[in-house]
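Breakdown of the fold
Residues per chain are reported as follows:
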Amino acid sequence: MILILYAVRGDFEVAQEVDKKMLFQQLVAFITDVHQMKHDVTKGVSIEDITPAQYGILEFIAVSQPVTVSEISECKDMSMPNTSRELKKLSDKSLCVKYEADDDKRKQYVRLSEQGEKLMGNAFAHMEDWMGERVRGLSGEELGQLSNAMDLLRMTIFRVEQ
């Protein structure tokens, strides 16, 4: 409504500023919703004796592998020693594997092990079922719009290359 009033008066700079402020508020609400949704959707995931921090690491590895220890540390906002300690625990549980880069022996990569792939496959299957329930009843056009909206968010706000 405020945007319309500014536009009618011809004050487009103010309208753009209000629009950006409103967009930012929507983004904050969206991020909050995403965090809550992630909590809700992962609640029902059977992750045995895995801590939430370890699960977050496994999830990151699953969608980004292979990754370096420093990439995990940065993404999960953990110190390098804590990241290494959690990776050791996950490795001891046979859920991930560390290996050296072929071109630089100082660089180590982490990927899921076969058991880790299975665990995360089950977790993602649960999430997919949850999402299927949420989008049930949407038309093909609405699903396409939803997909396009997610692509647009990834390319603009999150700056993820496709």
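This is a predicted model, so every value here is computed, not measured. Each chain carries its own residue numbering, running from 1 in the direction its sequence is written. A pLDDT threshold of at least 70 governs which residues receive local features in this predicted model, and a stricter bar of 80 or more applies before side-chain atom pairs are shown or counted, although totals over entire chains, interfaces and linings include all residues. Heavy atoms from the whole structure form the basis of all side-chain values; hydrogens and water molecules are not counted.

**With respect to the overall build of the protein**
Convention followed: Segments assigned H or I by DSSP are reported as helices when at least four residues long, segments assigned E as strands when at least two residues long, and all are numbered from the N terminus. Remark: exposure states derive from per-residue accessible area (1.4 Å probe, protein chains only) relative to the maximum for the residue type, with buried under 20%, exposed over 50%, and partly exposed in between. Whether two residues are in contact is decided by their heavy atoms: any pair within 4.5 Å suffices. To measure how exposed things are, a 1.4 Å probe is used in the Shrake-Rupley method; for residues, cover is taken only from the protein chains shown.
When helices and strands are counted, the protein shows seven helices and three strands. Listing the helices and strands of the protein from first to last along the sequence gives α-α-α-β-α-α-β-β-α-α. Counting across all 162 residues of the protein, residues that qualify as buried make up 22%. Partitioning the contacts of the protein with sequence separation of at least 6, the portion at a separation of at least 24 is 46%. For the protein, the accessible surface area stands at approximately 11800 Å², while carbon and sulfur atoms represent 55% of it.

**Some thoughts on the layout of surface pockets**
In plain terms, the rule: Whether a set of points on the 1 Å grid over the protein atoms alone is a cavity depends on a 1.4 Å probe fitting there but being unable to get out, while an open set qualifies as a pocket with protein on both sides within 12 Å along at least five of seven lines; lining residues are those with an atom within 4 Å of a point. Grid points are joined across faces, edges and corners, and a volume is the space filled by probe spheres set on the points.
Of the volumes computed, that of the largest pocket is approximately 1800 Å³. In terms of lining residues, the largest pocket is bounded by 31 residues, among which Val 34, Met 37, Lys 38, Met 150 and Arg 154 are the most central. Put simply, the parts of the chain that give the lining of the largest pocket at least two residues each are helix 2 (12-43), helix 3 (52-64), helix 6 (114-135) and helix 7 (140-156). If you tally residues by element for the lining of the largest pocket, the top one is helix 2, at 10 residues.

**So, the packing of helix 3 against helix 5 (residues 80-92)**
Here is the rule we go by: In this description, a line fitted to the C-alpha atoms serves as the axis of each element, helices being fitted only across the stretch in contact, and the angle between N-to-C directions of two axes falls anywhere from 0 to 180 degrees. Angle categories: roughly parallel below 35 degrees, roughly antiparallel above 145, roughly perpendicular from 65 to 115, and oblique for all the rest. Note on residue categories: nonpolar means Ala, Val, Leu, Ile, Met, Phe, Trp, Tyr, Cys or Pro, charged means Asp, Glu, Lys or Arg, and polar means any other residue, Gly included.
It is at 10 Å that the axes of helix 3 and helix 5 come closest, and there the two elements cross at 80°. Considering their axes alone, helix 3 and helix 5 lie roughly perpendicular with respect to each other. On helix 5, the residues that touch Gln 54, Ile 57, Leu 58 and Ile 61 of helix 3 are Glu 86, Leu 87, Lys 89 and Leu 90. For the contact of helix 3 with helix 5, the per-class residue count stands at five nonpolar, one polar and two charged.

**Some remarks on the pairing of strand 3 (residues 108-112)**
To be explicit about the condition: Strands are treated as partners if at least two bridges between them are detected by DSSP.
For strand 1 (residues 67-68) and strand 3, the ladder comprises two bridges, and the chain directions are antiparallel. In the sheet register, Thr 68 faces strand 3, and the bridge partner there is Tyr 109.

**Regarding the side chain of Ser 113**
Going by this rule: As used in this structure description, the phrase polar contact means that two N or O atoms lie within 3.5 Å; if the pair is within protein, one of them must be able to donate a hydrogen and the other to accept it, and residues adjacent in sequence are counted only when both atoms belong to side chains.
With respect to the secondary-structure elements, Ser 113 resides in the loop between strand 3 and helix 6. One polar contact links the side chain of Ser 113 to the main-chain amide nitrogen of Gly 116, over a distance of 3.1 Å. Setting aside anything within four residues of it in sequence, one finds Ser 113 in contact with Ser 94, Leu 95, Cys 96 and Val 97.

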